[in-house]
Amino acid sequence: MNVDLGNALETTPGLTEETLERLDSRVEAAHHRIATGMANDEFGYAALNLPETTDPEAIRAATDRFDRPEAVLTVGIGGSALGAATLANALESDVDAHFLDNVDPDAVDALLADLPLEDTVVNVVSKSGTTAETLANFLVVREAMADAGVDWTERTLVTTGQAGNLRALADEHDLPAIDVPDGVPGRFSVLSTVGLAVPALQGHDIEAVLAGGRDGMESLSESLFETPAYAYGAATYALAERGALTNAVMPYAESLETFAEWFAQLWAESLGKDGLGQTPARALGATDQHSQLQLYRAGPPDKLVSLIRPTERSATPIPETDLDGLAYLGGSSLADLLDAEFEATEASLAAAGVPNLRVEIDRVDERSLGELLYAMEAACVLYGELASVSTFTQPAVEWGKKAARGLLGGGDFEEADAVADKRELR
Ligand code: PA5
């Protein structure tokens with residue numbers, strides 16, 4: 001993986017070589033903190049050990065009991081769904097992957113009506129085992145399966161922590177269950193059982209995903225100049241300090257569209273604390289060159305753009321034509337055009353003084369994805385260290401979870417009382 005900071009130099013907001021040199025001594029100290037956290041398997045930092053601590057055999061032992069299904073339906077939300085969705089949507093498979101995260105009844109009904117339930121594996125994922133959306137959706141799915149005459153206990157895989165309602169349900173029905181590792185917050189769990197069960201069910205090489213993660217792990221060093229993940233984390237942090245409060249993440253590959261969603265969760269939930277943080281925006285190249293790019297180039301100078309691409313992709317030649325004005329396209333390929341669009345966007349942003357960072361992976365395959373996902377997690381942890389925020393907690397998210405449960409009578413939570421008081425005022 002390669003990170004190029006060149007287009008963030010001398011821009012507005014911007015960095016200079018001297019800023020980066022000065023920042024590097026803080027990166028060194030932050031790296032030591034991160035390495036200590038990893039060595040002690042401390043909460044959160046343990047996620048950066050996953051490429052070595054995740055046992056792919058244990059995942060396969062749980063997934064191999066299902067004959068290759070037609071579809072996998074993951075019921076989970078946030079960090080319990082987005083990592084698997086990123087891998088599933090990036091990699092081709094003849095096993096369809098679906099994700100039920102929201103509790104929009106229309107969407108749930110439509111999905112269940114379309115699924116071949118008799119040949120679907122239901123993968124229910126919740127670290128806490130108490131998340132209302134996930135458990136409610138699972139109850140709905142379970143009933144739909146029973147109504148369709150499918151023995152849901154034979155088609156369900158559970159991934160959860162040691163306690164919670166989901167664990168109790170798995171125990172009661174003797175469902176196959178895999179453990180969420182200790183010390184790993186949901187949004188950092190893609191390289192664990194949480195993120196890898198779906199690709200295993202789809203027939204992907206999960207060992208290669210972990211090998212990519214190990215590539216990222218081995219590249220961690222004391223210097224941002226030697227570590228692509230730290231170059232990205234340090235540059236985004238320094239740009240935010242200088243006013244780049246939005247980070248528009250723009251992959252130039254449709255297969256990486258869900259990666260931008262995963263990144264948005266990682267960045268927002270980890271770094272949005274104490275009045276600090278950087279708002280992630282999601283865009284897709286080249287499509288959003290024809291929409292959002294106008295704002296990124298000419299709007300308020302409070303943004304940076306992260307441009308991400310694979311350096312290898314299938315070519316798909318553009319057929320020759322002698323149509324007036326179009327001959328220039330013939331003989332090149334869609335890949336050439338997409339790469340030209342990528343470089344044009346970079347140059348156009350740089351010409352307008354808008355900082356942009358280039359992130360390149362070799363290709364969209366298991367190993368490169370593992371490396372990219374690991375690098376962004378390490379970048380996020382570094383950013384959190386530099387900003388002195390509590391990267392691995394999510395009090396605002398927990399507040400909403402408790403309030404919603406309490407409002408439905410699922411417990412006595414003061415957060416729910418606050419909402420109930422507001423309801424009364426209306
Ligand atoms: O990153 C996080 O901690 C959250 O996004 C959680 O993953 C999400 O709220 C789901 O939680 P759980 O896995 O406990 O159902």
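This structure is a prediction, so every number in the text was calculated from the model and none was measured.

What counts as what
- Residues numbered from 1 in each chain as written.
- Predicted model: local features only at pLDDT ≥ 70, side-chain atom pairs only at ≥ 80, totals over all residues.
- Heavy atoms only, no water.
- Helix = DSSP H or I, 4+ residues; strand = E, 2+ residues; numbered from the N terminus.
- Salt bridge = Lys/Arg side-chain N within 4 Å of Asp/Glu carboxyl O.
- Buried < 20%, exposed > 50% of the residue type's maximum accessible area, 1.4 Å probe, protein only.
- Contact = heavy atoms within 4.5 Å.
- Axes fitted to C-alpha atoms, helices over the stretch in contact; angles between N-to-C directions.
- Parallel < 35°, antiparallel > 145°, perpendicular 65-115°, else oblique.
- Left-handed = near helix turned anticlockwise from the far one by under 90°.
- Nonpolar A, V, L, I, M, F, W, Y, C, P; charged D, E, K, R; others polar.
- Pairing = 2+ DSSP bridges.

Asks: What's the story with unusual backbone geometry in this structure? I'm lost.
Replies: With the exception of glycine, the majority of residues adopt a negative phi angle, and the majority of peptide bonds are in the trans configuration. The omega angle of the peptide bond from T12 to P13 is -10 degrees, so this bond is cis rather than trans. The residue P13 is located in the loop between β1 (2-4) and α1 (17-39) in this model. Each neighbour pair has its own omega, and for G285 with A286 the value is 0 degrees, a cis peptide bond. The phi torsion at E10 lies on the positive side, around 60 degrees, for a residue other than glycine. On the secondary structure map, E10 appears in the loop between β1 and α1. Despite not being glycine, D174 has its phi angle at roughly 55 degrees, a positive value. For D174, the position within the fold is in the loop between α7 (165-173) and β6 (177-179).

Asks: Is there a simple way to think about the pattern of salt bridges in this case?
Replies: Any two side chains of opposite charge can pair if their charged atoms end up close together. A complete count under the given rule lists 16 salt bridges for this structure. One salt bridge in this structure joins D119 and R155, with 3.6 Å as the shortest N-O distance. Taken together, the residues D119 in the loop between α5 (105-114) and β4 (120-126) and R155 in the loop between α6 (132-147) and β5 (156-160) connect sequence positions 36 residues apart. For R155, a relative accessible area of 15% translates into the label buried. Between R309 and E343 there is a salt bridge, and its shortest N-O distance comes to 3.2 Å. In this pair, R309 sits in strand β9 (residues 303-310) while E343 sits in helix α13 (residues 334-351), placing the two residues 34 residues apart along the sequence. By relative accessible area, E343 is classed as partly exposed at 39%. Shared partners join several salt bridges into a network, and the residues in it are R309, R313, D339, E343, E346, R358 and E360.

Asks: When you look at the environment of A248 in this model, what are you seeing that I'm missing?
Replies: By the secondary structure assignment, A248 is in strand β7 (residues 246-251). The exposure class of A248 is buried, given its relative accessible area of 0%. The spatial distance from the C-alpha of A248 to the C-alpha of L293 is 9.7 Å, given a sequence separation of 45 residues. The contacts of A248, once residues within four sequence positions are left out, are A281, Y296, L304, V305 and S306.

Asks: Sorry, what's going on with the packing of helix α3 (residues 56-63) against helix α8 (residues 193-201) here?
Replies: The relative placement of two packed helices is expressed as an angle between their axes plus a distance between the axes. Running from amino to carboxyl end, α3 crosses α8 at an angle of 55 degrees, the nearest separation of the two axes being 9 Å. When the axes of α3 and α8 are compared, the pair comes out oblique. Two packed elements cross with a definite hand, and for α3 against α8 that hand is right-handed. Across the interface between the two elements, I59, R60 and T63 from α3 touch T193, L196, A197, A200 and L201 from α8. Each residue belonging to the contact of α3 with α8 can be placed in one class, and the counts come to five nonpolar, two polar and one charged.

Asks: Can you help me understand the sheet that holds β7 in this one?
Replies: Backbone hydrogen bonds hold the strands of a sheet together, and the pairing may be parallel or antiparallel. Taken together, five strands build an open sheet; the order of strands is β1-β10-β9-β7-β8 and the sheet is mixed. In the strand order of this sheet, the two ends are held by β1 and β8 (279-282), each with one partner. With direction set aside, neighbouring strand axes in the sheet form an average angle of 20 degrees. Alignment of β1 against strand β10 (residues 356-361), held across three bridges, turns out to be antiparallel. Within β10, the residue paired with V3 across the bridge is V359. Of the strands in this sheet, β7, β8 and β9 are in contact with helix α11 (residues 257-271), which crosses β8 at around 170 degrees.

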